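Residue-level structural notes
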Amino acid sequence: QLQAFGGGLVQAGGSLRLSCAASGRTFSNYAMGWFRQAPGKEREFVATINWRGGSTYYPDSVLGRFTISRDNAKNTVYLQMNSLKPEDTAVYYCARSTRVTPTWRRELYDYWGQGTLVTVSS
């Protein structure tokens, strides 16, 4: 089970830190990812990290602003979001990959959290 939290309302240019707590299954041996879905849009990839935490990958839309990290001892994955923009407004989901290496491919994620809403005002 994955539970994401930390979302909220923030002004443009502000920061938020999302957390994703894992329980009930082994997550430390797998890559993890964050995705987001804005109203009326497809769910899109935001960030991924390998099982050890030493390799990450981001799309251009968040590169340099978002940072994914993990603490396997706490079974928790984080997403630090800085310089937020109104277009970052979405429900953010964490997910467990079926691989150990990071991937942007949504179909390779098998367990999903319930999502946490991030709203960025202009």
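The structure we're discussing is the one just above.
What comes next is a walk through the structure.

Rules and cut-offs
- Residues numbered from 1 in each chain as written.
- Predicted model: local features only at pLDDT ≥ 70, side-chain atom pairs only at ≥ 80, totals over all residues.
- Heavy atoms only, no water.
- Disulfide = S-S within 2.5 Å.
- Helix = DSSP H or I, 4+ residues; strand = E, 2+ residues; numbered from the N terminus.
- Buried < 20%, exposed > 50% of the residue type's maximum accessible area, 1.4 Å probe, protein only.
- Pairing = 2+ DSSP bridges.
- 1 Å grid on protein atoms, 1.4 Å probe; cavity = no way out; pocket = protein on both sides within 12 Å on 5 of 7 lines; lining within 4 Å.
- Points joined across faces, edges and corners; volume = space filled by probe spheres on them.
- Salt bridge = Lys/Arg side-chain N within 4 Å of Asp/Glu carboxyl O.
- Contact = heavy atoms within 4.5 Å.

A complete count under the given rule lists one disulfide for this structure. Here Cys20 pairs with Cys94 through a disulfide, and the sulfurs are 2.0 Å apart. The S-S bond linking Cys20 to Cys94 shows a torsion near 65 degrees; that makes this disulfide right-handed. Here Cys94 lies in strand 9 (residues 90–97) and Cys20 lies in strand 3 (residues 16–22), a separation of 74 residues in the sequence. With a relative accessible area of 1%, Cys20 lands in the buried category. Cys94 sits in the buried class, given a relative accessible area of 1%.

The next thing to look at is the pairing of strand 3. Of all seven residues in strand 3, five are buried; the element is thus mostly enclosed. Relative to strand 3, strand 1 (residues 2–5) is paired through four bridges, and the arrangement is antiparallel. Each residue of the ladder has a partner; that of Gln3, found in strand 3, is Ala21. Bridge count for strand 3 against strand 8 (residues 76–81) is six bridges, and the pairing is antiparallel. If you follow Arg17 over to strand 8, its bridge partner there is Gln80.

Summed over all chains, the structure comprises one cavity of 30 Å³ or more. Considering only enclosed or pocket space, the largest cavity measures out at about 50 Å³ in volume. What lines the largest cavity is simply Cys20, Ala22, Phe27, Ser28, Met32, Arg70, Asp71, Asn72, Asn75, Thr76 and Val77.

Inspection of every chain in the model, using the stated rule, returns six salt bridges. A salt bridge links Asp110 to Arg96, with the nearest nitrogen and oxygen atoms 2.8 Å apart. In this pair, Asp110 is assigned in strand 10 (residues 109–112) and Arg96 in strand 9, connecting sequence segments 14 residues apart. When its relative accessible area of 9% is taken as the criterion, Arg96 is described as buried. Put simply, Glu107 and Arg105 hold a salt bridge, and the shortest N to O gap is 2.9 Å. On the basis of relative accessibility, which here comes to 56%, the residue Glu107 falls in the exposed class. Among the residues examined, Arg105 registers a relative accessible area of 35% and is labelled partly exposed. Through salt bridges with shared partners, a single network forms among Arg36, Glu44, Arg65 and Asp88.

What follows concerns the environment of Ser55. As for its placement among the helices and strands, Ser55 is situated in the loop between strand 5 (44–49) and strand 6 (56–57). Residue Ser55 is classed as partly exposed on the basis of its relative accessible area, which comes to 30%. Between the C-alpha atom of Ser55 and that of Val10, which follows or precedes it by 45 residues, the distance is 29 Å. Sequence-distant contacts of Ser55, that is, excluding residues within four places in its chain, are made with Thr48, Ile49, Asn50 and Pro102.

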